[in-house]
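Below, each chain spelled out in residue letters.
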Amino acid sequence: MKKNKSLLETLTPHQIEKITAHAEKRTDIPQVTSQQVNMRLDGETLGRAKKLAESQGVPYTSYLTRLLKEDIERLWEVFKKTG
């Protein structure tokens, strides 16, 4: 089965430059700040994460970020109730 291209994949380099230039001029978009975390996973866990991410069509790093964020939010709600 052939995968359909997303709109972003059909843009020309000129169109991308034009969009980027326009976005850089906007001031009504809040900047998202984040910090980087480096971690190690055993090969089996990383392999599983990569397969799960692939099944959802997302990069494995984005998948791991989403998993961590969801679990931390869930655990934080439990933690708040106990403290």
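Residues numbered from 1 in each chain as written. Predicted model: local features only at pLDDT ≥ 70, side-chain atom pairs only at ≥ 80, totals over all residues. Heavy atoms only, no water.

Description of the pattern of salt bridges
And step 1. Under the criterion given, the structure shown has four salt bridges.
And step 2. Put simply, Glu44 and Arg48 hold a salt bridge, and the shortest N to O gap is 2.4 Å. In this pair, Glu44 and Arg48 are both assigned in helix 2 (residues 43–56), four residues apart and thus about one turn of the helix distant.
And step 3. Between Glu77 and Lys80 there is a salt bridge whose closest N-O contact spans 3.3 Å. Highlighted residues: Glu77 and Lys80, both in helix 3 (residues 60–82), separated by three residues, approximately one helical turn.
And step 4. The partly exposed category is assigned to Glu77, whose relative accessible area is 38%.
And step 5. Relative accessible area serves as the criterion here: at 45%, Lys80 is assigned to the partly exposed category. (Salt bridge = Lys/Arg side-chain N within 4 Å of Asp/Glu carboxyl O. Helix = DSSP H or I, 4+ residues; strand = E, 2+ residues; numbered from the N terminus. Buried < 20%, exposed > 50% of the residue type's maximum accessible area, 1.4 Å probe, protein only.)

Thoughts on the layout of surface pockets
And step 1. Taken as a whole, the largest pocket encloses approximately 510 Å³ of empty space.
And step 2. In terms of lining residues, the largest pocket is bounded by 15 residues, among which Val37, Met39, Leu64, Thr65 and Leu68 are the most central.
And step 3. A total of eight residues in the lining of the largest pocket trace back to one element, the largest contributor, which is helix 3.
And step 4. Looking at side-chain class alone, the lining of the largest pocket contains eight nonpolar, four polar and three charged residues. (1 Å grid on protein atoms, 1.4 Å probe; cavity = no way out; pocket = protein on both sides within 12 Å on 5 of 7 lines; lining within 4 Å. Points joined across faces, edges and corners; volume = space filled by probe spheres on them. Nonpolar A, V, L, I, M, F, W, Y, C, P; charged D, E, K, R; others polar.)

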